[in-house]
Amino acid sequence: MTEQTKQPNSFEARDSASVVHPLTNLKEHLKKGPVIINDGKGIWVTDIHGKKYIEGMSGLWCLSLGYGQERLVEAATKQLQKLPYYHLTNHKSHQPVIELAEKLLKIAPVPMSRIWFSNSGSEGNDSAARIVWYYWNSKKQPKRRKMISHLRAYHGNTIASASLSGMHYNHASFGLPLDGFLHVTPPHHYRYSQEHEDEDMFTSRLADELEAMILKEGPDTIAAFFTEPIMGSGGVIVPPDTYYEKIQVVLKKYDILLVADEVITAFGRTGNMFGTTTMKLVPDMIVCAKGLSSAYLPISALMINERVFKEMSEKSDEIGVFGLTFTYSGHPVSAKVAIETLKIYEEKNIVEHVRQMEPFLLNGLRELSYHPLVGEIRGKGLLAGVELVANKKTRKAFNPKIGVGKFCAERAEHHGLIIRAIGDTISFCPPLIIKENEIALMISLFKKALDDTLSMTSET
Ligand SMILES: Cc1ncc(COP(=O)(O)O)c(C=O)c1O
């Protein structure tokens, strides 16, 4: 974190909201023990005691098609019988991964040239970071090593992707971020704007901040900018309309690569197949995972454009081996499940379904804006966040030690709804197959949790 980014805004009252505390600490977790989930159907899961919950977060933002998709089970079973494993090194490949790569290139939101497979979002971002370095070495600009991303971003938990992340708890006590990983203010107007700053002024200031950082560090040292089109684990932050337009001008000016981390936002989540389209980005690389296989099996894909691929291939000719492979990269069973998942998205016209459901989720939540605890309601598609505040007028946050968000999520769980507290923002990311009546039920359960939380805060 640089000096520049330590002061999110001038509102003293708002500052404590920049602390995103984890859901629970280890001691508390061990004492309480987990809810043990036994099975699932559609958007529902059941625990070992038979209690049912709506899975309002698609697990960890990933189970897009919900539970019980027999076609995915069948695709995996058949592939396990035919060819349970092969790798992608030493001039080897296999049919499922070729078909999947071709399919992904066809649906890519901007022209892409190649796909690099790995097993998780973290590995996808880690690979992207390494390819960025490889690219600049190949271009004979080895000083370009630094990466810029957002405070409150979440890009994963390998050492590089945790360094890209802008979360205190991914860094503190781990000796992270690594040197050269820099963080700028997140594009969250509600929390980080200054007094009397409208969205346009705010995004101009953020673009200026980015440019100032680039100039201070030296433009010839900056390799890439990583961004989630809509930030997920940072609290579902939807950047203002003009943000990416201005940021991309700065990146272009200094010839900095742009990597879109679409681990949450790809495959319909925001009302387009890719968040890149929703937020009007033109990235050089796109990382996707989670919804790629609807989380039925681990797989991630890194899309690489021709600009980057050309340098990769030239450098690798010189070195001999492109040293970035994992044993399970593009695993055939995961690849087959991903192909089937993409087919189901198409057949169900999942993008259209998300567009139709979006108003039920977002307007449904907005009906709670009268509630004394509800500060901001934000989202796109079937991704939403509700920020709970101590004072609606001043946007004053609760003292994080009270754990208001955590209490609210626990109450929701009590009422049969699994949602997630990110600090005091409650996030929603239901399976994309959710229907209108199920959204209504989810919101009514959330309302009960909100009322319980209000009683708790009134007592403290
Ligand atoms: C935007 C984003 N990037 C990367 C990751 C890391 O993915 P994984 O947990 O599969 O490594 C996540 C996980 O939540 C994410 O939300």
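Below is a short write-up of the structure. (Residues numbered from 1 in each chain as written. Predicted model: local features only at pLDDT ≥ 70, side-chain atom pairs only at ≥ 80, totals over all residues. Heavy atoms only, no water.)

So, on to the pattern of salt bridges. Counted by the stated rule, this structure contains 19 salt bridges. Across the pair Glu 387 and Arg 191 runs a salt bridge whose closest N-O atoms are separated by 2.6 Å. One end of the pair, Glu 387, is in strand β12 (residues 383-388); the other, Arg 191, is in helix α8 (residues 189-192), with 196 residues separating them in the sequence. Under the relative-accessibility criterion, Arg 191 is labelled buried at 2%. For Glu 197, the salt bridge goes to Arg 205, with nearest N and O atoms at 2.7 Å. Overall, Glu 197 belongs to the buried group, its relative accessible area being 10%. (Salt bridge = Lys/Arg side-chain N within 4 Å of Asp/Glu carboxyl O. Helix = DSSP H or I, 4+ residues; strand = E, 2+ residues; numbered from the N terminus. Buried < 20%, exposed > 50% of the residue type's maximum accessible area, 1.4 Å probe, protein only.)

Our next topic: the sheet that holds strand β3 (residues 52-55). As summarised here, the arrangement of the 4 strands in space is β1-β2-β3-β13, forming an open sheet in which the pairing is mixed. A strand with exactly one partner marks an edge of an open sheet, and here the two such strands are β1 (37-41) and β13 (417-418). By the bridge criterion, 2 bridges tie β3 to β13 in an arrangement that is parallel. Within β13, the residue paired with Glu 55 across the bridge is Ile 418. Contacting β2 (44-47), β3 and β13, helix α16 (residues 436-459) runs over the sheet at an angle of about 110° to β3. (Pairing = 2+ DSSP bridges. Contact = heavy atoms within 4.5 Å. Axes fitted to C-alpha atoms, helices over the stretch in contact; angles between N-to-C directions.)

With their axes 8 Å apart at the nearest point, helix α3 (residues 70-82) and helix α13 (residues 332-347) run at an angle of 150° to one another. In terms of axis orientation, α3 runs roughly antiparallel to α13. Of the two possible hands of crossing, α3 and α13 adopt the one that is right-handed. Across the interface between the two elements, Arg 71, Leu 72, Ala 75, Ala 76, Gln 79 and Leu 80 of α3 pack against Pro 332, Val 333, Lys 336, Val 337, Glu 340, Thr 341, Lys 343, Ile 344 and Glu 347 of α13. Looking at the contact of α3 with α13 residue by residue, the classes come out as 8 nonpolar, 2 polar and 5 charged. (Parallel < 35°, antiparallel > 145°, perpendicular 65-115°, else oblique. Left-handed = near helix turned anticlockwise from the far one by under 90°. Nonpolar A, V, L, I, M, F, W, Y, C, P; charged D, E, K, R; others polar.)

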